[in-house]
Amino acid sequence: MPDAGVVIRGGTVIDELGARRADVLIRDAHVVAVANGIEETSASRVLDAGGCAVAPGLVDLHAHLREPGREEAETVWSGARSAAVGGYTAVVAMPNTDPAIDSAAVVRHVLGLGAMAVCDVRVAGAITVGRAGERLAPLAEMAALGVRLFTDDGSGVQDARLMRRALEYASDLGVVLAQHCEDDALAAGGHMHEGEWSSRLGIPGAPAEAEEVMVARDLALARLTSARIHFLHLSTAGSLSLVGAAKSEGLPVSGEVAPHHFTLTDADVAGYDTRFKVNPPLRPRSDVEAVKEGLRSGVVDAIATDHAPHALEAKEVPFAEAPPGMLGLETALALALTELDLALDRILALMSWQPARIAGLTGEHGGPVTEGGPANLCVIDPEARWVVEPTRMASLSRNTPYGGRKVTGRVRHTVLRGEPVVIDGELQR
Amino acid sequence: MTNPNLLSVADLGADGIEEVLRVTDSFVEVSARAIPRVPALRGRTVVSLFYECSTRTRLSFETAARRLSADTMNFTITTSSTTKGESLRDTVETIDAMGIDAVVVRHSAAGVPWQIAGWTEASVINAGDGWHEHPTQALLDCYTIRRHRKTLEGLRIVVVGDVKHSRVARSGVLAFTALGAEVTLVAPRTLLPPSTEGWPVEVSHDLDAVLPKADVVYLLRLQNERMSEALIPTLREYTSGYGLTRRRAALLQDDALVMHPGPINRGVEVAAEVTDLPRSVITQQVANGVAVRMAVLYLLLAGGAASESGEPALA
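Quick notes on the rules
- Residues numbered from 1 in each chain as written.
- Chains lettered and ligands numbered in written order.
- Predicted model: local features only at pLDDT ≥ 70, side-chain atom pairs only at ≥ 80, totals over all residues.
- Heavy atoms only, no water.
- Helix = DSSP H or I, 4+ residues; strand = E, 2+ residues; numbered from the N terminus.
- Buried < 20%, exposed > 50% of the residue type's maximum accessible area, 1.4 Å probe, protein only.
- Areas by Shrake-Rupley, 256 points an atom, 1.4 Å probe, with all protein chains shown as cover.
- Lys, Arg positive; Asp, Glu negative; His and termini not counted.
- Charge placed at Lys NZ, Arg CZ, Asp CG, Glu CD.
- Axes fitted to C-alpha atoms, helices over the stretch in contact; angles between N-to-C directions.
- Parallel < 35°, antiparallel > 145°, perpendicular 65-115°, else oblique.
- Left-handed = near helix turned anticlockwise from the far one by under 90°.
- Contact = heavy atoms within 4.5 Å.
- Domains from an automatic or database assignment.
- Buried area = accessible area lost by both parts, 1.4 Å probe.
- Salt bridge = Lys/Arg side-chain N within 4 Å of Asp/Glu carboxyl O.
- Polar contact = N/O pair within 3.5 Å; in protein donor to acceptor, adjacent residues only side chain to side chain.
- Nonpolar A, V, L, I, M, F, W, Y, C, P; charged D, E, K, R; others polar.
- Pairing = 2+ DSSP bridges.

**Q** I'm lost on the overall build of chain B in this one. Help?
**A** When helices and strands are tallied, chain B shows 12 helices and nine strands. C-alpha extents for chain B along the principal axes are approximately 55 × 50 × 35 Å. For chain B, the proportion of its 315 residues judged to be buried stands at 57%. Of the roughly 12800 Å² of accessible surface on chain B, a fraction of 49% belongs to carbon and sulfur atoms. Taking the average place of the 31 positive charges on the side chains of chain B and the average place of its 36 negative ones, the gap between the two points comes to 6 Å.

Here it is as structure tokens:
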């Protein structure tokens, strides 16, 4: 069947090459023209982009899609829908599933589940078997299936010797290890950031240093091995300062931050609402400011959602018993546009082409929007004001802490491999 | 009380605390009667929902409810809600469906009474949530101090021991300071909260230095598991630094009060002889607990029925 084509009309194309007023013609999953005044043929579909940015689709380095094992909270299919609504054309699914994504078989399974989804689903493999931190998982077998990121996310690799070996082994394969930095012994029993609010609320806390000691250790290991490390969800001023210094030194490291760590603080836990329980925990204002500064200065390479769906009943328990995590895919861009004092092209760098590079997706995702390139795009209305409504979300779960929050900036259309999967904010399938 | 619940001492403020203490006086009188029972809450149902063992507090609340002629129900759930199968919310909604007026909650996790208040129309009374708060303990402590001193205004209260893990200390600090007392926390740093920012208190690590000026010494219970968490090396070392030994008791002013929320580890927080001194008001704390809880239940459930003077009609 011949592809009639899609025209995205009236927008401003923004990608790594800059900004220019242009219409975009898409055919056969590719961009075939970027020019002013593209005439649509009678057969082509027209997507209105008036007042909007036409950008490479967003790329999320950090989404928990819960399948296999927790299908009541999210599936690869529903998580991909949630991602598409949020403007993402690619997400990296975290391996803390049940069973963990620690073998070629599970990688194949999850990639298969994502094959027909409305967002390109990639997976991160586990560094250790069962994410137990004891034995190295078969990284090469997973890398052969296209896995480019490996992490035990949900916990950090505690054993420094094992982490060293993993870094050495990974560098041979040309893949990147991503660390969830948390020293288990120092963080033990903590359910929120340790400080003024945990002391007042009587909730056992974990100190910022539980994150920072592992960042410092891994930077030393990066120096030792010359291997690349990506730091997941950095959340403290101390961590950012360590990573900033390491970058100045020339170490091959990158880092991401999550939207909640530049939006919310530990004071938000005061109502004991378990939707505000997340790991790393919400931090004090001074850390929030450091995260924002890291985004401005370039110490931070990516905004990643840490989208962590949980079923209602899982969160309706005492704060100390609730699992950490909050939804992120459908609110990340709006929070970045609302909370950060950054130009749209900077935010797109942090949410599209820079994470695409870290995930090894350059060429497929992250643009640029040029003739012959893949048509993985999102159309963003940066001025649209809206109110977050949990019940309207595409995710199977509802554990967003942002219900009722007024935000600015919304995804109008998302195009995956030439197919408009979201039009005017509505999923098309 | 204007708030339908008693979750935190902060809900009351100084005026609310004064109101409870005033009404408590009437119930102390009731408790002294041959038949210590009034019909104030006849037809009302008070449920105690205890997720943590606490014979003392539960009995105190249930006795208070019965003396007000309320019906009482008791749910003691010692297994954790996650292993038990029924969720906290389901349990609360089940109880709520029975038609109840108040639920008295004890849980090992901070914040649970706040969550429960969102799931029931009944008044929720916090009988201890994790390390966080235990408001009625603070109220009975204020009442006990007031029986011996006219006011807390300007009193020097020294709180000694495991403040970090103590809901008694958190509620106590709020209540004592609301009524104008000056509070000093004395503990090894490992047993203090990570931050006391925003707490209107002094902090000291030298008990000998603060005892001579103290009007009240409030000793907190030390749980045995604190040793396994590397917070203190041995009980002996703790007692020598922070226990109210006979030698230390001699440093106190003659009329200084010695208090403890119970149960006491005799020989650890406080020497056995010291608890028997006249200045020890530990058993009075227990006795006053019932009257204070009667006042709280009365104000929450029959507040509108108070006479013009604000005193309960206790015919």
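**Q** Can you walk me through the packing of helix H12 (residues 332-339) of chain A against helix H13 (residues 344-358) of chain A in this structure?
**A** Two measures define how a pair of helices packs: the angle their axes make with one another and the distance between the axes. Residue and element names in this part refer to chain A. Contact geometry for H12 and H13: axes closest at 11 Å, N-to-C directions at 140°. The orientation of H12 with respect to H13, classified from their angle, is oblique. Like other packed secondary-structure pairs, H12 and H13 cross with a definite hand, here right-handed. Facing Ala332, Leu333, Ala336 and Leu337 of H12, the residues of H13 in contact are Leu344, Ile347 and Met351.

**Q** I tried to follow the domain arrangement of chain B on my own but got confused; where do I start?
**A** Where interface size is quoted, it is often the accessible area lost as the parts come together. Residue and element names in this part refer to chain B. When cut into domains, chain B gives domain 1 (9-134 + 286-305) and domain 2 (136-282). Using C-alpha coordinates to define each centre, domain 1 is positioned 25 Å away from domain 2. Between domain 1 and domain 2, the contact holds 30 residues from the first and 25 residues from the second. Summed over both sides, the interface between domain 1 and domain 2 buries roughly 2400 Å², with carbon and sulfur atoms accounting for 62% of that surface. In terms of surface lost to domain 2, no three residues of domain 1 exceed Leu21, Trp131 and His134, which account for 30% of the buried area on that side. Inspection of the region where domain 1 meets domain 2 yields three salt bridges. Salt-bridge contacts for Arg146 lead to Glu18; the nearest nitrogen and oxygen are separated by 2.9 Å.

**Q** Would you mind showing me how to read the interface of chain B and chain A here?
**A** Each partner contributes to the interface: chain B provides 22 residues, whereas chain A provides 18 residues. With both sides pooled, the region where chain B packs onto chain A buries about 1600 Å², and carbon together with sulfur makes up 58% of that total. Counting across the chain B and chain A interface gives one salt bridge. Linking Glu316 of chain A and Arg89 of chain B is a salt bridge whose minimum nitrogen-to-oxygen distance equals 2.3 Å. At the junction of chain B with chain A, the criterion picks out five residue pairs in polar contact (both at pLDDT 80 or more). Sorting the residues of the side of chain B that touches chain A by element identifies helix H3 (81-84), helix H4 (88-97) and helix H5 (112-117) of chain B as the ones contributing at least two each.

**Q** Would you mind showing me how to read the side chain of Glu269 of chain B here?
**A** Residues and elements named next belong to chain B. On the secondary structure map, Glu269 appears in the loop between strand S9 (257-259) and helix H11 (272-275). Reaching out from Glu269, the side chain makes a polar contact with the side chain of His260 at a distance of 2.9 Å. Every residue in contact with Glu269, bar those within four places of it in the chain, is listed here: Leu219, Leu220, Arg221, Leu222, Tyr242, Gly243, Leu244, His260 and Ile264.

**Q** Sorry if this is basic, but what is going on with the domain arrangement of chain A here?
**A** All names here are of chain A. Domain boundaries assigned for chain A yield domain 1 (6-54 + 371-427) and domain 2 (57-358). Centre-to-centre separation of domain 1 and domain 2, based on C-alpha positions: 26 Å. In this assembly, 34 residues from domain 1 lie in contact with 49 residues from domain 2. Interface of domain 1 and domain 2: buried area, both sides summed, is about 3200 Å²; carbon and sulfur atoms make up 65% of it. Taken together, domain 1 and domain 2 are joined by two salt bridges. Where domain 1 meets domain 2, there are 15 residue pairs in polar contact (both at pLDDT 80 or more). If you list the elements that add at least two residues to the side of domain 1 that touches domain 2, you get strand S2 (12-15), strand S18 (377-387), strand S19 (406-416) and strand S20 (419-423). Take the side of domain 1 that touches domain 2: its biggest share by element is eight residues, from S19. When grouped by side-chain class, the residues that make up the side of domain 1 that touches domain 2 number 20 nonpolar, eight polar and six charged.

**Q** In this structure, what is going on with the sheet that holds strand S1 (residues 6-9) of chain A? I would like to understand it.
**A** What holds strands together in a sheet is hydrogen bonding between their backbones, with the strands either parallel or antiparallel. All names here are of chain A. What the four strands build is an open sheet, ordered S5-S4-S1-S6; its pairing is mixed. Every interior strand has two partners, whereas the edge strands, strand S5 (30-35) and strand S6 (45-48), have only one. Mean inter-strand twist for the sheet, computed between neighbouring axes without regard to direction, equals 20°. Strand direction decides the pairing type here: strand S4 (residues 23-27) and S5, joined by five bridges, are antiparallel. Directly across from Asp23, in S5, lies its bridge partner Ala35.

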